[in-house]
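Topology and contacts: notes
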Amino acid sequence: SSSSSSSIVRNITQQPQRGGLGVVGLRNLGNTCFMNTALQCLLATDKFTSFFQSELSNERFLQNIQNNQSSSGGSSRRLLNVSSSSNNNTSSQVGLSFYRLVQQAVQSLGGSSKKSPPPIAPQELKTVVAKNAPWLIGNQQHDCQEFLRYLLDAISEDLKLLNKKHNNNSSVHSSNQEESPSSNSSSSSSNNNNPRNNNEEDEEDEEKLERKESNERWKQCRGSSETIVEEVFQGQLRSRVECCVCHHVSFCFDPFLDISVPIPEAAKQIEKHSTSSSRGSRAKVATLEDCLKCFTDKEVLDDENRFMCDGCKKRQRCEKTLTIHRWPPIVVIHIKRFQYTTYTREKLSTSVVFPTRGLDLRPYLSHPDDEHHIRNMNRQTKSRSNYNNYNDDDDDDGGGGDDGDGGGLGGSSGCDHGSSIYDLYGVSNHMGGLGGGHYTASCRHDHLGQDKWFLYNDSNVSQLHDEKELQSSVAYVLFYKQRT
């Protein structure tokens, strides 16, 4: 009905538009702590949630709500068509459900009582996600990092669909921008088949090749359809493979929304040989920097792993190096605590010490000492969406180029991408083993004008008074915000 629709519009649009979110718990719906920990860390991501409080976001999502109401006879309980079996009718539901969750978190700020707001039940989001991801049906425990990846991908696809609906009759962006890169541009190599020499000309050719392939792959991944998900979380990894015989170099560039870092083998061995009586000596077995170094260490491809060299035209022993080529405003780092081999499955409880402030990613970048490269890469990393800046406080400095679509649900992160320094604001903790366990989240909020850490244990929320409480062997996924 029109009155029901007006009520929804009024309830949402009267909320603060880029304010902070309330510190509020999430109900456990039956082993959904894995979902709650991921959602709490996302709700603590200001650059992400600010978009869902913007006027443009309200306009698009409210239009979608009204359209759904019209097609469902005005029933407010069927706004999301969650009972429909049509794939078309399930479109945009995940993004819309997350939008409504953000609005609920905003509403939790409105109470005048000093008591904690009642916890939110994210049933709508779980139902919609499970409809499109059958593995989430039921009450089984799942991995929070896998859920986070799926959720961000789903939100991105839904926002792209809303853009497409909105611009259906507009002459915006032709698809020509995405046609220029070839389908195999993510992995290319030099056209020079002769053995490479260590001279300036070869180095210049390699640099040009690297820049060309990186830019083509980046445009192919982002194109004209990027959303706030890509703007905030997406970076680019570079894989460099050099033949040990002819020194021919090839590159491969891939986007990432999070980075999975291994625990160094030496730290694993220390843990295995530690006894319960010496557990205290394991307090600093490894650091996050150790894990990042292990992630970017040179790997030798030999024996059955030999790489096909385009210079030698046969499989050769090669050296592979993985580095961060473009780094996003928000870096999500997943510590690989679950280890699987042919014969064993185990969870590593190795203590990994991580900085709460001042994590420097520069040592793990493709060109850590090349200031020109860093400025150039990050200038190109900036938004090409340019739709009047969803956050007026974060003006784009024009480094994004001319690929803007003039009105998409993308967003200019407005972040100074030149900084490689990051500060921690969220931690997903996992307690237990392979057969189950429990998740909690620790998040930093600007609460009532004060920078505070809170522990989220499903419905229960308590303040952490010392950042040292964050350090433990159960830290699983770390959320870092770029310093500006």
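Rules behind the numbers
Residues numbered from 1 in each chain as written. Predicted model: local features only at pLDDT ≥ 70, side-chain atom pairs only at ≥ 80, totals over all residues. Heavy atoms only, no water. Helix = DSSP H or I, 4+ residues; strand = E, 2+ residues; numbered from the N terminus. Contact = heavy atoms within 4.5 Å. Areas by Shrake-Rupley, 256 points an atom, 1.4 Å probe, with all protein chains shown as cover. Axes fitted to C-alpha atoms, helices over the stretch in contact; angles between N-to-C directions. Parallel < 35°, antiparallel > 145°, perpendicular 65-115°, else oblique. Left-handed = near helix turned anticlockwise from the far one by under 90°. Buried < 20%, exposed > 50% of the residue type's maximum accessible area, 1.4 Å probe, protein only. Arc of directions from axis to C-beta. Phe/Tyr/Trp six-rings, centres within 6.5 Å; stacked < 30°, edge-to-face > 60°. Lys NZ or Arg CZ within 6 Å of the ring centre and 35° of its normal. Salt bridge = Lys/Arg side-chain N within 4 Å of Asp/Glu carboxyl O. Core = buried A, V, L, I, M, F, W, Y, C linked by side-chain atoms within 4.5 Å. Disulfide = S-S within 2.5 Å. Pairing = 2+ DSSP bridges. pLDDT = per-residue confidence, 0-100. Nonpolar A, V, L, I, M, F, W, Y, C, P; charged D, E, K, R; others polar. Lys, Arg positive; Asp, Glu negative; His and termini not counted.

Topic: the overall build of the protein chain
- For the protein chain, the count of helices and strands is 12 helices and 19 strands.
- Considering only residue pairs separated by 6 or more positions, the protein chain has 74% of its internal contacts joining residues 24 or more positions apart.
- Element-wise, carbon and sulfur atoms account for 43% of the exposed surface of the protein chain, whose accessible area totals about 22600 Å².

Examining the packing of helix α2 (residues 33–43) against helix α5 (residues 93–107)
- Contact geometry of α2 with α5 gives a least axis separation of 11 Å together with a crossing angle of 70°. With respect to their mutual orientation, α2 and α5 come out roughly perpendicular. As for how α2 packs across α5, the hand of that crossing is right-handed. Here α2 contributes L39, L42 and L43 to the contact with α5, which in turn contributes F98, L101 and V102.

Some thoughts on the side chain of Q234
- Note that Q234 resides in the loop between α9 (228–233) and β2 (235–243).
- Look at Q234 and you get buried, because its relative accessible area is 9%.
- Residues within four places of Q234 in sequence aside, it is in contact with W218, R222, V229, P255, F256, L257 and P328.

Considering unusual backbone geometry
- In this structure, D303 takes a positive phi of about 55° despite not being glycine.
- Within the element layout of this structure, D303 appears in the loop between β6 (299–301) and β7 (307–309).

Quick word on helix α11 (residues 288–296)
- Inspection of α11 places L288, C291, L292, F295 and T296 among the buried residues, and these make up the whole buried set. Along α11, the residues classed as buried sweep out an arc of 130° about the axis, all on the same side.

Quick notes on the packing of aromatic side chains
- Summed over the entire model, instances satisfying the criterion amount to 11 aromatic pairs.
- Judged by centre distance (5.6 Å) and plane angle (90°), the rings of F338 and Y476 are edge-to-face. On the criterion of sequence distance, the pair formed by F338 in strand β11 (residues 338–340) and Y476 in strand β19 (residues 475–482) is long-range, its members being 138 residues apart.
- Members of the aromatic cluster, each reached through a chain of ring pairs, are F48, F51, F52, F98 and F233.
- Sitting over the ring of Y425, K481 keeps its end group 5.9 Å from the ring centre.

Quick look at the pattern of salt bridges
- Enumeration over the complete set of coordinates arrives at 17 salt bridges.
- Here D258 ties to R149 by a salt bridge, and the two come within 2.8 Å at their closest N and O atoms. Pair noted here: D258 is in the loop between β3 (249–256) and β4 (259–261) and R149 is in helix α7 (residues 144–166), with a separation of 109 residues, a long-range link.
- The class for R149 is partly exposed, based on a relative accessible area of 39%.
- With a shortest N-O distance of 3.3 Å, R357 and E467 are connected by a salt bridge.

Observations regarding the nonpolar core
- With 56 residues, the main nonpolar core has F48, F52, F98, L151, I155 and F233 as its most contacted residues.
- In terms of residues, this core owes the most to one element, α7, which gives nine residues.

Description of the state of the cysteines
- Applying the stated criterion across every chain, the model contains zero disulfides.
- The structure places no disulfide on C33, whose sulfur is separated from the nearest cysteine sulfur, that of C144, by 9.2 Å.
- The thiol of C309 is unpaired, and the distance to the nearest cysteine sulfur, on C246, comes to 3.5 Å.
- Its relative accessible area of 2% is what places C309 among the buried residues.

With respect to the pairing of strand β9 (residues 318–326)
- Two strands pair when backbone bridges link them, and β2 and β9 are joined in this way by eight bridges, in the antiparallel orientation. Following the sheet pairing, R238 is matched in β9 by T323.
- Sheet analysis places β6 next to β9, joined by three bridges and oriented antiparallel. Bridge pairing in β9 links L301 to C318.

Observations concerning the confidence of the model for the protein chain
- Residue-level pLDDT values for the protein chain average 75, and 65% of them are 70 or greater.
- Residue range residues 72–91 is modelled with pLDDT below 50. Its contacts to residues more than four positions away, or to other chains, number 36 contacts.
- In the predicted structure, residues 169–198 sits below a pLDDT of 50 and forms 51 contacts with residues beyond four places in sequence or in another chain.

Remarks on the packing of α5 against helix α6 (residues 123–132)
- Two elements in contact, α5 and α6, have axes whose closest approach is 9 Å; the angle formed by their N-to-C orientations is 170°. Here α5 lies roughly antiparallel to α6, going by the angle between them. Contact residues: α5 offers Q93, V94, S97, F98, R100 and L101, while α6 offers E124, L125, V128 and V129.
- When grouped by side-chain class, the residues that make up the contact of α5 with α6 number six nonpolar, two polar and two charged.

A word on the pairing of β2
- With nine of its nine residues buried, β2 lies for the most part within the structure.
- Examined bridge by bridge, β2 and β3 share eight bridges and lie antiparallel to one another. The partner of L237 across the bridge, within β3, is D254.
- Once β2 ends, the chain turns through five residues before running back antiparallel as β3, passing H247 with a positive phi of about 65°.

With respect to the side chain of E230
- Mapped onto the elements, E230 comes out in helix α9.
- Here E230 occupies a buried position and makes no salt bridge, while the nearest side chain of opposite charge, K160, is found at 4.1 Å.
- Not counting residues up to four positions away in its chain, the partners in contact with E230 are S156, K160 and R222.

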